[in-house]
Amino acid sequence: MEVIIKSDKAEASKLGAKIIARLIRENAKAVLGLATGSTPLPLYRELVRMHREEGLSFKDITTFNLDEYVGLDPANPCSFYSEMHKNLFCHLDLAKGASHLPDGMAKDIPTSCAAYEAAIKAAGGVDLQLLGIGHDGHLAFNEPGSSLASRTRLKTLSQKTIKANSRFFGSEAKVPRHVMTMGLGTIMEAKQCVLLAFGKDKAEAVRDMVEGPVSASCPGSVLQFHEQAIILLDHEAAGKLTRKQYYLDVYASKPAWQLWE
Ligand code: F6R
């Protein structure tokens, strides 16, 4: 794991966008794995700015989102489909049909999940997977207890996640109980993972992910086994890391060729 602690959320998000932009400039046909929630929004705004002002083109890029609520029509403003279109897709030059999300309205969920896995494989696999982390350590919607080898499937949200996501729906009662999510095994097959976490309410989950034992009790900890996982934090989210100073020292003394910026 490469833990990078930036001065604030804006700086960390800009660095995340630079890592993605570098990949796109090296491989115009890259496959991006994308996340929803509040955390990636500043990074998405930066990608949109790069597209508008620096000519960063997404015309041959393919995207796969991590997850979607079951039973929410894509037109529902709370669906991840709507979120992604509003916050990112409609501002870029992505080709029609290049962006994929699990189909939360599928009649046959297991078949639809298997088709999603097959589509990722057919696209050549995910080159870079963007991630956030839940307060309970979830990655995508792999709640604590999820198999570290899991694949795209139906999951039931934990009470903690329902509470956290009720801010988008107006009440806990309106949050769907079920989701379709890439599994931890699916995520681990991405060639590179970039996880963002900001704010002190994420500090415990970040500590368990980075420094805790690898365990299904903290699904994010599976990234300790990933060969290329970058964890981008602000100081608050890094606040409970026992090796915080070491991560800062490592980044400050990196040779220029190793830096992402
Ligand atoms: C969203 C996702 C979730 C979020 C996590 C954090 O696609 O996969 O794991 O990354 O719930 O959400 P925020 O960023 O809203 O704190």
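The structure presented is a predicted model; accordingly, all values stated were derived computationally and were not measured.

A. Just the overall build of the chain, in detail. Regarding its fold elements, the chain presents 8 helices and 10 strands. Taken over C-alpha atoms, the radius of gyration comes to 17 Å for the chain, in line with the 18 Å a tight globule of 261 residues would show. With the principal axes as the frame, the chain shows a C-alpha extent of 55 × 40 × 35 Å. A total of 261 residues make up the chain; the buried ones form 54% of that total. Considering only contacts in the chain between residues 6 or more positions apart, those separated by 24 or more positions represent 79%. As displayed, the chain offers around 11,600 Å² of accessible surface, 54% of which is attributable to carbon and sulfur atoms. Averaging the coordinates of the 31 positive side-chain charges in the chain and doing the same for the 30 negative ones gives two points 2 Å apart.

B. Structural detail: the layout of surface pockets. Of the voids in this model, the largest pocket is the one considered here, and its volume is about 630 Å³. Of all elements in the fold, only β4 (67-69), α3 (80-87) and α5 (159-169) reach the threshold of two or more residues within the lining of the largest pocket. If you tally residues by element for the lining of the largest pocket, the top one is α5, at 7 residues. When grouped by side-chain class, the residues that make up the lining of the largest pocket number 16 nonpolar, 11 polar and 8 charged. Size it by volume and the second largest pocket reaches roughly 260 Å³. As for the second largest pocket, its lining consists of 19 residues, and the residues nearest its centre are Y81, H85, F89, S99 and L101. Elements that contribute at least two residues to the lining of the second largest pocket include exactly α3 and β5 (99-100). Across the lining of the second largest pocket, the residue classes tally to 11 nonpolar, 5 polar and 3 charged.

C. Local environment of the nonpolar core. If you look at the biggest cluster of nonpolar residues, it comprises 45 residues, and the most contacted ones within it are L32, L47, F58, Y69 and L88. When residues of this core are assigned to their parent elements, the largest contribution, 8 residues, is made by helix α1 (residues 9-26). What L32 contacts, discounting residues up to four positions off in sequence, is I20, L23, I24, F58, I61, T62, T63, F64, V126 and L128. Formed by 35 residues, the second largest nonpolar core is a distinct cluster that contains F64, I120, I187 and A205.

D. Highlighting the site of the ligand. If you check the shell around the ligand, you find 14 residues, and the closest are T39, D67, H138, A140 and K202. Residue S38 places a main-chain N or O atom 2.9 Å away from an oxygen atom belonging to the ligand. In the model, an oxygen atom of the ligand is placed 2.7 Å from a nitrogen or oxygen of the H138 side chain. Burial of the ligand by the protein chains amounts to 94% of its free accessible area of 410 Å². Applying the majority rule of atoms within 2 Å of the grid points places the ligand in the largest pocket. Here the residues of the shell around the ligand are counted per class, giving 4 nonpolar, 7 polar and 3 charged.

E. Focus on the sheet that holds strand β9 (residues 192-197). Within the open sheet, the 7 strands sit side by side as β1-β10-β9-β6-β2-β3-β5. Their pairing is parallel. The open sheet has two edge strands, β1 (2-5) and β5, and neither has a second partner. Each of β1, β2 (31-34), β6 (128-131), β9 and β10 (229-233) touches α1; the most contacted strand, β10, lies at about 150 degrees to it.

Definitions and limits used
- Residues numbered from 1 in each chain as written.
- Predicted model: local features only at pLDDT ≥ 70, side-chain atom pairs only at ≥ 80, totals over all residues.
- Heavy atoms only, no water.
- Helix = DSSP H or I, 4+ residues; strand = E, 2+ residues; numbered from the N terminus.
- Rg over C-alpha atoms; globule rule 2.2 N^0.38 Å.
- Buried < 20%, exposed > 50% of the residue type's maximum accessible area, 1.4 Å probe, protein only.
- Contact = heavy atoms within 4.5 Å.
- Areas by Shrake-Rupley, 256 points an atom, 1.4 Å probe, with all protein chains shown as cover.
- Lys, Arg positive; Asp, Glu negative; His and termini not counted.
- Charge placed at Lys NZ, Arg CZ, Asp CG, Glu CD.
- 1 Å grid on protein atoms, 1.4 Å probe; cavity = no way out; pocket = protein on both sides within 12 Å on 5 of 7 lines; lining within 4 Å.
- Points joined across faces, edges and corners; volume = space filled by probe spheres on them.
- Nonpolar A, V, L, I, M, F, W, Y, C, P; charged D, E, K, R; others polar.
- Core = buried A, V, L, I, M, F, W, Y, C linked by side-chain atoms within 4.5 Å.
- Near = heavy atom within 4 Å.
- Polar contact = N/O pair within 3.5 Å; in protein donor to acceptor, adjacent residues only side chain to side chain.
- Sits in = over half its atoms within 2 Å of the grid points.
- Pairing = 2+ DSSP bridges.
- Axes fitted to C-alpha atoms, helices over the stretch in contact; angles between N-to-C directions.

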